[in-house]
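# Inside the fold
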Amino acid sequence: MPLNRRFRRVIRIGPVQVGTAHDGRGRGKHTAACTAPRCGFSADYDSRAAAELAARTHRCPIR
């Protein structure tokens, strides 16, 4: 059964959304996910700064 995350502090940087949620162990995780069609980029980070940096430097491979 997939984990149902409740994101808070969601911001959008270009096509990428960055949000903060708690993982299964109660630790805060920061996720960056691209919302462009057929891109598929998403990653979890330990710090908000790392997630925002990934969002700013992300380039979609699909054009």
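A few points on the structure.

Thresholds applied
- Residues numbered from 1 in each chain as written.
- Predicted model: local features only at pLDDT ≥ 70, side-chain atom pairs only at ≥ 80, totals over all residues.
- Heavy atoms only, no water.
- Helix = DSSP H or I, 4+ residues; strand = E, 2+ residues; numbered from the N terminus.
- Rg over C-alpha atoms; globule rule 2.2 N^0.38 Å.
- Buried < 20%, exposed > 50% of the residue type's maximum accessible area, 1.4 Å probe, protein only.
- Contact = heavy atoms within 4.5 Å.
- Areas by Shrake-Rupley, 256 points an atom, 1.4 Å probe, with all protein chains shown as cover.
- Lys, Arg positive; Asp, Glu negative; His and termini not counted.
- Charge placed at Lys NZ, Arg CZ, Asp CG, Glu CD.

### Some words on the overall build of the protein chain
Each helix and strand counted, the protein chain has one helix and four strands in total. Going residue by residue from the N terminus, the α and β elements of the protein chain occur as β-β-β-β-α. Taken over C-alpha atoms, the radius of gyration comes to 12 Å for the protein chain, in line with the 11 Å a tight globule of 63 residues would show. Along the first, second and third principal axes, the C-alpha atoms of the protein chain reach 35 × 30 × 15 Å. Looking at the protein chain as a whole, 32% of its 63 residues qualify as buried. Residue pairs at least 24 apart in sequence account for 24% of intrachain contacts in the protein chain once pairs closer than 6 positions are excluded. Summed over all atoms, the accessible surface of the protein chain reaches about 4600 Å², with 52% contributed by carbon and sulfur. When the 13 basic and 4 acidic side-chain charges of the protein chain are each reduced to a single mean position, those positions are 7 Å apart.

This is a description of form; function is not addressed.
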